[in-house]
Amino acid sequence: MVYPYISTSADLLKSTVRLDELFPFLKEQGTAAVAIVNSKLYGVLPFWEACYKAGIHAVLGFSTFVEHDGQPYPVVLYAQTNQGYGNLLKISSALATRNRKAIPEQWLKAYDEGLLCVIPNTAEWTLTDRKEVFEYIFQIFGDRCYGSVQRPGGNVSGNEAEFIEACNRFSLPVMATQEVKYIKKEGAFAYEVASAIGQGLKLSDEQRLQPEHTDAYAPTAGELKQWFENRPEWLETAEQMLLSCKVTIQTNRQLLPVFPLDNEVDRAEYIKKLCMAGLKGRLDSDSISQEYQSRLDYELGVIKSMGYIDYFLIVSDFMKFARNAGIMTGPGRGSSASSLVAYSLHITDVDPLEHGLLFERFLNPERVTLPDIDIDFADHRRHEVVEYVANKYGQARTAQIITFGTLSAKAVARDTARVFGFETEELEAISKLISSRPGTTLRSALKENAKLNDWIIAREERKTWFKTALQLEGLPRHASTHAAGVILSPTSLVDYVPIEEGNEGIYLTQWPMGDLEAIGLLKMDFLGLRNLTILEQIRKLLSKGTGKSIDYRKLPLDDAKTYEILAAGDTSGVFQLESEGMRNALRQIKPTAFGDIVAVNALFRPGPMEFIPLYARRKHKQEAVAYVHPILEPILKETHGVIVYQEQIMQIAARMAGFSLGEADILRRAVSKKKREILDEERVHFVQGAQKKGFKESEATEVYDLIVRFADYGFPKSHAVAYSMISYQLAYMKANYPIYFYTAMLGNFSGNAEKTKQLLQEIKEKDIPILVPSIQKSFSSFSIEEGKIRIGLNSVKGVPGTVIKAIIAARNEGGPFTSLFNIAERISAIHFTRKAFEPLIKAGALDDFELDRATLLASLDSAVKHAELVKPDEEPGLFDDMGASFMKPKYTKASPIPENLKLDLEMEVLGFYLSTHPIEREKEQRRKDFDELKSLKLKRDKEKVNVLGMIEEIKRIRTKKGDAMAFITLQDDTGPASVTLFPEEYTKYNAILKEQAIIEVQGTIENRMNRTSIICKNIST
């Protein structure tokens, strides 16, 4: 039994055949050979590997078109040899990068070697006499050309006899085939729906390309024999053809890129020279101590023996480019921060000796894996580095990596419903009934939500909808670009992998990351990190405001102000240390040294978190540090006896059991997998090693048990150190240059009202003055003005960026504006519209004219008319030279806007209160003491509180017993808080619960799962 044409689900929404369903079926049929035939070379490697596992002969095909006389004709190309497979990669890549549908003659002639060409009995080949096209194909492929006949469902097509005759004319052997798009016959409808989703059309749409038949399923061996009962020789031809295709895809090799150097240059000497010069610069010394020299020599030896010199030179080179171009780079990421070579070459900024980092955690000479150097760049300039690499090594050798998005539960439910033509209300119902939580499946959604089940069974078509969505769930839906991965190949990429058109002139691989690594291509991660952009902006603002230039790499790591804000948990805006749970951890630990930041970053994860209080007590000498064995003290002293880092596990194994650090890294990996047989093997290895060094068996067993217990908790110290540097740098700037810090933060979060509100609240508390947006002084983003923060014009909702640009350009060119009408005539009617200027007036941006906002709003229409008359567009106008002074309209008088309405309008256009928060005024009028909402987090459980706030949101629910209760989000001038009303209180106070209502709440504090809320006892208005 052979299957010459299986289209798989990797061919986005053109098939629903999943490999995990296909291969059990193929084995059942006693399949000898099977071919994958997709319209791109997506999914080839997983198919190949699945065939290998199943012991089935794999054949690689490609469904495409050939061009003749400007017309496309469908064919299937099969790789018969390795050269043919190489040509398939090239043809597929050429079509996908040049956006062509059909293969032109010159390509076909250049890449036909090793390929078989199969002509299908489709309408395109039989509509009229296709003698010339048959001849064209036959001339190129000769005896490597076949005709193929389908009889889906056993039905013989009307053109079969005619097609056979055409094949006989050129003596083309004919083979039997069956295009498989779904495995079972009943999968036809789900396939049609998938196809409609791919086309973005409803099933009822006349434009939709419909399947030619509903029998594109995988026939059993018996069925296929029956279909071709009168032509068994065609089945034999198909078998012979497929078995003649002998291709191997090479995996498990290293396709490392090469750094361009002259042939006579000794690479080992070259990198050593670079490292020596770099390290002297790092240590600020003309000589290198023995400790550093021997570590450097050891690392270089390992790098050379593993063949990774070029890789380090490449990374070092593009990091040098980034530095010279002023692109902010991270101090390091992952295990690469434990390499002294990386530090010497300015790839990382972490001195591994100073921080006790182990090179074997990065490159283990006893377990050869590709090195993984991931680099962070300021996110808005990452693409410049990728472009540099593509330019330097050639576009043909550089690519970004494809990723495939799949149909998640909610996505498949909505997409299927759309194709079915469900109404908007039904689509909304689906969104509400199916959770977006990661890991949700349609089946789990059905189990969790009885309402979903009721909704489905209410109508027959909903049952069909759900059944169909279940069949399509998890299928690949679309392709996109991996956020960070870049592939660099030693020769042209198409020698190893198919490519397609990408973004910004850089190709995209047709295979995802796992497949690329399997064939040995090197992936490098170029990550965009917003926090580096923020640091860069702080530095620019500081330099502009004070002339002071900051080198983040040289900040003192013992700055008292920095540790003060960390100990207070004052860390909003500080990378990795922002969450409430993290702030609590900082308040407990009260960091006094850089090592404490590293430890808290490593410990703050599910599991190890439970050791934070222990670490804190031991640090503050409230509890004695106890070691299972004295040999552990030097290793665990820095973390007060708690195993925090993977490197500590490695050091214990080396010190106590005599493991090499390479063996210790293998132990660490093995133990963290928690496989019983591995744990027992390693226990024997560890105990024997310890006994050789003179330790008792009981001592060794006790320490080994400790390692096993902590293996899951261990975090790579190299990563924790590198990322803690970014945390420290941001905390340092916040503590020492708060105005610059907050201005950069605000600029980065414009558009995020919640975050902006939080930052502005904090700025207020620190007595940093905030200035309203101003048409005369504001720039697009937040700026600094004489020690005050000025809100940018882009913070005002509804004002187009083009209008802001026009305002700033007019101001730069002609100086300050003199009136509302002056703005109108200077920026033209294109930009001066009611829609753009009403929000600016409401936000106070025109208060500079010293008129009430009501007057400005009332005068807006006449100003718009003025603009239309005087300067209808941006072309030079009739009245430009006259300044239009003779015809300026007058302001329209209006009653002043009441203070509370003014506040509401500010809230509407800015998303926060700028003048005075309504609660501040309310507190003054009530003359009582209230607990500030932001202070609740510091209160004890069950402590009584009395608060005043405005209701932002009310969530009413029913308990399991069916009683009504509510959760309220309350907001005061210091921030938000959650209030819980149990059924008794809810019944009492429900009538007064309305959004925007100001209420007084008495209750008690509840601290649960790092969340603080008020349990309501009493409410008054």
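Details of the structure are given in the entry above.
This is a predicted model, so every value here is computed, not measured.

### As for the pattern of salt bridges
Link 1 in the chain: This structure, assessed with the given rule, holds 60 salt bridges.
Link 2 in the chain: The salt bridge partner of D112 is R144, with a shortest N-O separation of 2.8 Å. Here D112 is found in the loop between α4 (105-110) and β6 (115-120), whereas its partner R144 is found in the loop between α5 (131-141) and β7 (145-150), with 32 residues between them in sequence. The exposure classification of D112 matches that of R144, with both residues buried.
Link 3 in the chain: Put simply, K757 and E952 hold a salt bridge, and the shortest N to O gap is 3.4 Å. Separated by 195 residues along the polypeptide, K757 in helix α33 (residues 753-765) and E952 in strand β18 (residues 944-958) bring together distant segments of the chain.

### Considerations on the sheet that holds strand β17 (residues 788-790)
Strands in a sheet are paired, the pairing made by backbone hydrogen bonds, and the direction either parallel or antiparallel.
Link 1 in the chain: Strand order across the open sheet formed by three strands is β15-β17-β16, with mixed pairing between neighbours. In this open sheet, the two edge strands, each paired with only one partner strand, are β15 (770-771) and β16 (783-785).

### With respect to the pairing of strand β11 (residues 476-488)
Link 1 in the chain: Examined bridge by bridge, strand β10 (residues 398-406) and β11 share eight bridges and lie antiparallel to one another. Paired with T403 across the bridge in β11 is S480.
Link 2 in the chain: In the sheet, β11 pairs with strand β14 (residues 522-529) via four bridges, with the strands oriented antiparallel. Its bridge partner lying in β14, G485 is registered against D525.

### Concerning the packing of helix α21 (residues 530-546) against helix α31 (residues 717-736)
Link 1 in the chain: Viewed as axis vectors pointing N to C, α21 and α31 meet at an angle of 35°, and their least axial separation amounts to 11 Å. Judged by the sense of rotation from one axis to the other, the crossing of α21 with α31 is left-handed. Residue-level contacts link N531, L532, I534, L535, I538 and L542 of α21 to I726, Q729, L730 and M733 of α31.
Link 2 in the chain: Here the contact of α21 with α31 is composed, by residue class, of eight nonpolar, two polar and no charged.

So, how was this worked out
- Residues numbered from 1 in each chain as written.
- Predicted model: local features only at pLDDT ≥ 70, side-chain atom pairs only at ≥ 80, totals over all residues.
- Heavy atoms only, no water.
- Salt bridge = Lys/Arg side-chain N within 4 Å of Asp/Glu carboxyl O.
- Helix = DSSP H or I, 4+ residues; strand = E, 2+ residues; numbered from the N terminus.
- Buried < 20%, exposed > 50% of the residue type's maximum accessible area, 1.4 Å probe, protein only.
- Pairing = 2+ DSSP bridges.
- Axes fitted to C-alpha atoms, helices over the stretch in contact; angles between N-to-C directions.
- Left-handed = near helix turned anticlockwise from the far one by under 90°.
- Contact = heavy atoms within 4.5 Å.
- Nonpolar A, V, L, I, M, F, W, Y, C, P; charged D, E, K, R; others polar.

Geometry only, nothing functional implied.
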